[in-house]
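Geometric and topological summary
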Amino acid sequence: MTTVARLVLGGVLIAAGALKIGNPADSVVAVKAYQLLPESIAVTVGYALPILEIVVGVLLVVGLLTRVAAVIAGLLMLAFVFGIAWAWAKGLRIDCGCFGGGGQLGAGQEPTYLLDIVRDFGLVLLGAWAARFPPGRFALDGALGLGGDNRDEGEDN
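Rules of the game
Residues numbered from 1 in each chain as written. Predicted model: local features only at pLDDT ≥ 70, side-chain atom pairs only at ≥ 80, totals over all residues. Heavy atoms only, no water. Patch = residues over 30% accessible without salt bridge, like charges linked within 9 Å, V, L, I, M, F, W, Y side chains within 5 Å. Areas by Shrake-Rupley, 256 points an atom, 1.4 Å probe, with all protein chains shown as cover. Salt bridge = Lys/Arg side-chain N within 4 Å of Asp/Glu carboxyl O. Helix = DSSP H or I, 4+ residues; strand = E, 2+ residues; numbered from the N terminus. pLDDT = per-residue confidence, 0-100. Contact = heavy atoms within 4.5 Å. Axes fitted to C-alpha atoms, helices over the stretch in contact; angles between N-to-C directions. Parallel < 35°, antiparallel > 145°, perpendicular 65-115°, else oblique. Left-handed = near helix turned anticlockwise from the far one by under 90°. Nonpolar A, V, L, I, M, F, W, Y, C, P; charged D, E, K, R; others polar. Core = buried A, V, L, I, M, F, W, Y, C linked by side-chain atoms within 4.5 Å. Buried < 20%, exposed > 50% of the residue type's maximum accessible area, 1.4 Å probe, protein only. Disulfide = S-S within 2.5 Å.

Some words on a nonpolar patch on the surface
A cluster of nonpolar residues, Leu7, Leu52, Val58, Val61, Val62, Leu65, Val68, Ile72, Leu140, Leu144 and Leu146, forms a patch on the protein surface that exposes about 860 Å² of accessible area. Looking at the nonpolar patch, the element that brings in the most residues is helix α3 (residues 39-62), giving four residues. Structurally, Leu144 can be placed in helix α6 (residues 140-144).

What follows is the structure, given as structure tokens:
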């Protein structure tokens, strides 16, 4: 189960970061649209976020520093849940920018806040699982002796 959790979470982070990294200005626009951070911090976060997503995603996929990466990924997803809930509560009409794009929605477009929150909270749970249990099969942590027991939960030796 941990292998699946880290692969799904890592894959989502890699995809999200990869879709943003080619056009970091859009990532900055998406972060600013939440109206949650001061301008200078929003710009820094907008540029840094795709890189962080890719690095943490790769660590999860290869199973290196799995628990640390899972905690960071879970906290990122929790921050995304908070940001989306904030935008919804404030009555903002924005695209979450989760997989590129972002910013104000055009005429006739509706936000998908509930779906985004449910998806991201599910990813929070995957991060919590991967942080709590051994890294699972095919993890570099196990091969390097960094993750403790390398078995998936419930398997015999």
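And the narrative resumes.
Structural notes on the confidence of the model for the protein
Of the residues in the protein, 93% reach a pLDDT of 70 or more, and the chain-wide mean stands at 89. The model gives residues 150-157 a pLDDT under 50, and that stretch makes 17 contacts with residues more than four places away or in other chains.

Remarks on the packing of helix α1 (residues 2-21) against α3
Axis separation between α1 and α3 bottoms out at 7 Å; the angle between their running directions is 150 degrees. Considering the angle they form, α1 stands roughly antiparallel to α3. When the axes of α1 and α3 are compared, the crossing they make is left-handed. Mapping the contact onto sequence places Arg6, Leu7, Leu9, Gly10, Gly11, Leu13, Ile14, Ala16, Gly17, Ala18, Lys20 and Ile21 in α1 and Leu49, Pro50, Ile51, Glu53, Ile54, Val56, Gly57, Val58, Leu60, Val61 and Val62 in α3. Across the contact of α1 with α3, the residue classes break down as 16 nonpolar, four polar and three charged.

Regarding the packing of α3 against helix α4 (residues 66-89)
Between α3 and α4, whose axes approach to 9 Å, the crossing angle comes to 140 degrees. The pairing of α3 with α4 is recorded here as oblique in orientation. As for how α3 packs across α4, the hand of that crossing is left-handed. Here Leu49, Leu52, Glu53, Val56, Leu59 and Leu60 of α3 come into contact with α4, specifically with Thr66, Ala69, Ala70, Ile72, Ala73, Leu76 and Phe80. In the contact of α3 with α4, the residues fall into eleven nonpolar, one polar and one charged.

Overview of the nonpolar core
In terms of nonpolar packing, the biggest core is built from 15 residues, with Leu9, Leu13, Val56, Leu60, Ala73 and Met77 touching the most fellow members. Where this core is concerned, the elements lending two or more residues are α1, α3, α4 and α5 (113-132). Setting aside chain neighbours within four positions, we find Met77 in contact with Leu9, Leu13, Asp120, Leu123 and Val124. One finds Tyr34, Ile84, Tyr113 and Ile117 within the second-largest nonpolar core, a separate group that totals eleven residues.

Quick look at the state of the cysteines
Applying the stated criterion to the full structure yields one disulfide. The disulfide partner of Cys96 is Cys98, and the S-S distance across this bridge is 2.1 Å. When its relative accessible area of 12% is taken as the criterion, Cys98 is described as buried.

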